[in-house]
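A structural walkthrough
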Amino acid sequence: MHYFGYKNGELYCEEVPIKKIVKEVGTPAYIYSAKTIRRHFKVFDSSFKSIDHIICYSVKANSNIAVLSVLKHLGAGADIVSGGELKRALKAGIPPEKIAFSGVGKTLEEMEMALSAGILMFNVESLEELEALAEVAKKLNKPAPFALRVNPDVDPQTHPYISTGLKKNKFGIPEELVIPIYKKAKENPYLKPVGLDAHIGSQITSIAPFKDALYRLKKIWEELINLGLEPKYLDLGGGLGIIYNEEEPPLPQEYAEAIIQEAKDLKATIILEPGRVIVGNAGILVTKVLYTKENISKKFVIVDAGMNDLIRPAFYQAYHKIIPVEETFAEEEVVDVVGPICESSDFLAKERKLPRVKRGDLLAVMSAGAYGFVMSSNYNSRPRCPEILVDGNKYFVVRRRETIEDLIALESIPAPYL
Ligand SMILES: *Cc1c(COP(=O)(O)O)cnc(C)c1O
């Protein structure tokens, strides 16, 4: 469900024609729909209304501070994975007591920043990290609230690069080591065990892996209570999938129902860290056809957005629907849509049926709101795209296009080489 669609033969985001935005900002450009973001958040949030919960939006999916601010106004918290994301979340006005800090490699500086800010909890992923957190807490003389991230060893049946809850993944702590670590932490006055956490992967399209993980967590939860600890927050991570092509992910209501069934007797506050499901279908990448060319057996559509702008197809073999901005009933042909980057993996679509396009036509790469701009780079010295937020009949440039000057501003030629 999203608010991108054709009106009078051209693509709109909410009430704004895409062409109108492109005329001002050029291509390639990311365009987000505030109304879609709000809708997704509200549906997700209200699905859990029968149970105590906090929705900590996963900032890494789309960290533009305007997007964060839209979510903040709906009462969202944040799941962060770096000091940079902490700053963004705070800048957008998200209250620190709704921020959970995840990630396998938090630095001491990041922990200090987050503890001083007064975040809800640290999701800790190793014994060494916990020891480091205790040192930071001692230094600041402020006990650190934490949950251990369990690796429940369940297969989320998603792309291997986005599964995180298998034994072989670097994430979390193996189930059998979790209780001994809590026991150890119990003796340290600077460590406050406040919960338990897991996050098993991303773009998960069935409920079973979530249920399996929750089942494991419940057992540990009970052991924690037997130990005399008083866990309050049960963090189930993110990972709910979306429709890019023909996937059939569970509805948020179905996902919530399954969790509530299992968790309602625990007296826990449930924390959820959705990212993709909130913003994925709320954004598109608009790109312009530069050239078309035909080799003996293949036709290529060369566009001005490359893998540096949207890496998901190259990185995860991800599928993104591509549609023309101007509705057309031209004959369809099978093409590879490729970017200008000097890499063979630089494609947005392979063997894709598209209506015939010509130089100058605009294309919309759909479902690019999550892990799109945030994963973009300057490879090939390409300035990164602008980001535009549409809200009703208005739109705002919420990040301007980078310039070449921006790119080289941090570099210098040492005097001897001048
Ligand atoms: C990436 C991530 C999420 C969000 O995953 P989505 O698939 O976008 O919902 C949540 N929690 C943690 C710890 C993550 O690393």
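Residues numbered from 1 in each chain as written. Predicted model: local features only at pLDDT ≥ 70, side-chain atom pairs only at ≥ 80, totals over all residues. Heavy atoms only, no water.

**Quick notes on the site of the ligand**
Around the ligand sit 14 residues, and of these Lys60, Ser202, Glu273, Arg276 and Tyr371 come closest. Within the side chain of Asp79, an N or O atom sits 3.1 Å from a nitrogen atom of the ligand. (Near = heavy atom within 4 Å. Polar contact = N/O pair within 3.5 Å; in protein donor to acceptor, adjacent residues only side chain to side chain.)

**Description of helix α1 (residues 18-25)**
Where α1 is concerned, the buried positions are Ile18, Ile21, Val22 and Val25. The buried residues of α1 occupy an angular sector of 100 degrees when the element is viewed end-on, so they sit on one face. Of the residues in α1, the exposed ones pointing more than 90 degrees away from the buried face are Lys23 and Glu24. (Buried < 20%, exposed > 50% of the residue type's maximum accessible area, 1.4 Å probe, protein only. Helix = DSSP H or I, 4+ residues; strand = E, 2+ residues; numbered from the N terminus. Arc of directions from axis to C-beta.)

**As for the packing of aromatic side chains**
Aromatic rings in a pair are described by how distant their centres are and how their planes are angled relative to each other. Inspection of every chain in the model, using the stated rule, returns nine aromatic pairs. Ring centres of Phe44 and Tyr255 lie 5.8 Å apart, and the angle between their planes is 45 degrees; on these two criteria the pair is classed as tilted. One end of the pair, Phe44, is in helix α2 (residues 34-47); the other, Tyr255, is in helix α9 (residues 252-263), and 211 residues separate them in sequence. Each member of the pair Phe44 and Tyr255 is classed as buried. Here the aromatic cluster, defined as three or more aromatic residues joined through ring pairs, consists of Phe44, Phe48, Phe210 and Tyr255. Positioned over the ring face of Phe101 is Lys106, at 5.5 Å from the centre of the ring. Against the face of Tyr319 rests Arg352, its NZ or CZ located 3.9 Å from the ring centre. (Phe/Tyr/Trp six-rings, centres within 6.5 Å; stacked < 30°, edge-to-face > 60°. Lys NZ or Arg CZ within 6 Å of the ring centre and 35° of its normal.)

**Thoughts on the domain arrangement of the protein chain**
Once the domains are mapped, the protein chain shows domain 1 (4-32 + 280-408) and domain 2 (34-279). Relative placement of domain 1 and domain 2: their C-alpha centres are 32 Å apart. Taken together, the contact pairs 24 residues of domain 1 with 26 residues of domain 2. Between domain 1 and domain 2, the buried area comes to about 2200 Å², and carbon and sulfur atoms account for 53% of it. Our count for the contact surface shared by domain 1 and domain 2 stands at one salt bridge. For Arg38, the salt bridge goes to Asp391, with nearest N and O atoms at 2.7 Å. In this assembly, domain 1 and domain 2 are joined by 13 residue pairs in polar contact (both at pLDDT 80 or more). Those elements that provide at least two residues to the side of domain 1 that touches domain 2 are α11 (312-316), β20 (387-391) and β21 (394-399). (Domains from an automatic or database assignment. Contact = heavy atoms within 4.5 Å. Buried area = accessible area lost by both parts, 1.4 Å probe. Salt bridge = Lys/Arg side-chain N within 4 Å of Asp/Glu carboxyl O.)

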